[in-house]
Amino acid sequence: MPFCLFYARSAGVLLLMSLLLGCAASPRLNDSTLNNLPPGDLLKEVPFYAQRDYQCGPASLAMVLNAAGVNVEMENLIPQVFIPGRKGSVQSEMLATVRRHGMIPFPIEGSLDALLTQLASGQPVVVLQNLALPVWPMWHYAVAIGYDLPTRTLTLHSGEISNHEMSLSRFDATWARSERWGFTIMSPGSVPEAIRPFRAIEAISTFESVQGVQAALPSWKALVNTHPDSAMGHFALGNAHYAVGEIKKSRQALEQAVLLDESLGVAWLNLGLIERQLNNDVEARRALSRAAALTGPWQTKAQETLNTL
């Protein structure tokens, strides 16, 4: 899978890239993007760290982490993400390093519309490009920091160049080769508005496994505020409340989860267990009966608990 490599310095390679990218078709943006986003934006507060010796991964992380208020030097990030034998940084280590610094990496949807939406909301985005050919990849991380719709350009901190302007078509041609992989980072308690609930749940869950439930709880709250119709979001919030000893808040969140999705058997089970813990036998029996009636791995536990009431 992709690793951070380097800018091509060979004249022949640069010429080949220019010919290939020059033929890229202009990508189409959704009408909602054109109508709802400002015509342009530039995140001037994002610092620039020049890449050195294949180290575009650590450089990109240093930019977005410092922009988010995490004071960290690029040199300290190099041993965390850079793999000398591969001359680059793998995506999983990029994301893991963000979590180790107490921030949450949220993958963006793989489209220019999603990328521009994040930039318009004030969030820089780390992107992975292939600057050569699919059969001869030259992987490179950069940080998207701005765009201009009238000129159809994207601005990046990339390699040894700050505020590098590239046409959307040329950028998208290189970005598409990584399946348009990119992520933004946010502190616990914030969730990107444009992210789908299931992607946010996965990102927060992984952060929770590293930093613990207490650290992730503000993000679960932010998730249901951003996506109030997400049954799984309320279910996850209920579990987090329970893990930190907030039983009644857990019950409230689980009640909302089953209200939004009556087929969510695991939420019925957990709700029933909480009602039993609170000595509410009538409510416990109702919730456990709903769980036992729905096919899934929760059935056995629900039926066993019912038999004890």
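Residues numbered from 1 in each chain as written. Predicted model: local features only at pLDDT ≥ 70, side-chain atom pairs only at ≥ 80, totals over all residues. Heavy atoms only, no water.

- By the naming in an unreviewed UniProt entry, the protein is Peptidase C39-like domain-containing protein, taken from Vreelandella rituensis.

1. Some points on the pattern of salt bridges
Point 1. Enumeration over the complete set of coordinates arrives at 6 salt bridges.
Point 2. Between Asp-172 and Arg-180 there is a salt bridge; the shortest N-O distance is 2.8 Å.
Point 3. Given a relative accessible area of 10%, Asp-172 falls into the buried group.
Point 4. Where Glu-262 meets Arg-290, a salt bridge forms, and the shortest distance between an N and an O atom there is 3.6 Å. Of the two residues, Glu-262 is situated in the loop between helix H11 (247-260) and helix H12 (265-277) and Arg-290 in helix H13 (residues 281-292); the sequence distance between them amounts to 28 residues.
Point 5. Here the salt bridges share partners, and the residues they tie into one network are Glu-109, Arg-196 and Arg-199. (Salt bridge = Lys/Arg side-chain N within 4 Å of Asp/Glu carboxyl O. Buried < 20%, exposed > 50% of the residue type's maximum accessible area, 1.4 Å probe, protein only. Helix = DSSP H or I, 4+ residues; strand = E, 2+ residues; numbered from the N terminus.)

2. Considering H11
Point 1. Here H11 contains 14 residues, and its C-alpha end-to-end distance of 20 Å stays within 8% of the 20 Å for a straight helix at 1.5 Å per residue.
Point 2. Taken as a whole, H11 has its buried residues at Ile-247, Ser-250, Ala-253, Leu-254, Ala-257 and Val-258. On an axial view of H11, the arc spanned by its buried residues comes to 135 degrees, and they lie on one face. Away from its buried face, by an angle of more than 90 degrees, H11 presents the exposed residues Lys-248, Gln-252 and Leu-259.
Point 3. Looking at the packing, one finds that the buried side of H11 touches helix H10 (231-243) and H12. (Expected span 1.5 Å × (residues − 1). Arc of directions from axis to C-beta. Contact = heavy atoms within 4.5 Å.)

3. Remarks on the side chain of Gln-129
Point 1. Considering the arrangement of structural elements, one finds Gln-129 in strand S5 (residues 125-130).
Point 2. A distance of 2.9 Å separates the side chain of Gln-129 from the side chain of Thr-174, its partner in a polar contact.
Point 3. Apart from residues no more than four positions distant in its own chain, Gln-129 is found in contact with Met-138, Trp-139, His-140, Ala-142, Leu-156, Met-166, Phe-171, Thr-174 and Trp-175. (Polar contact = N/O pair within 3.5 Å; in protein donor to acceptor, adjacent residues only side chain to side chain.)

4. Quick word on helix H6 (residues 112-120)
Point 1. Among the 9 residues in H6, 7 count as buried, and that is most of the element.
Point 2. By the burial criterion, the buried members of H6 are Leu-112, Asp-113, Ala-114, Leu-115, Leu-116, Gln-118 and Leu-119.
Point 3. One or two steps after H6, the chain reaches Gly-122, where phi turns positive at roughly 95 degrees.

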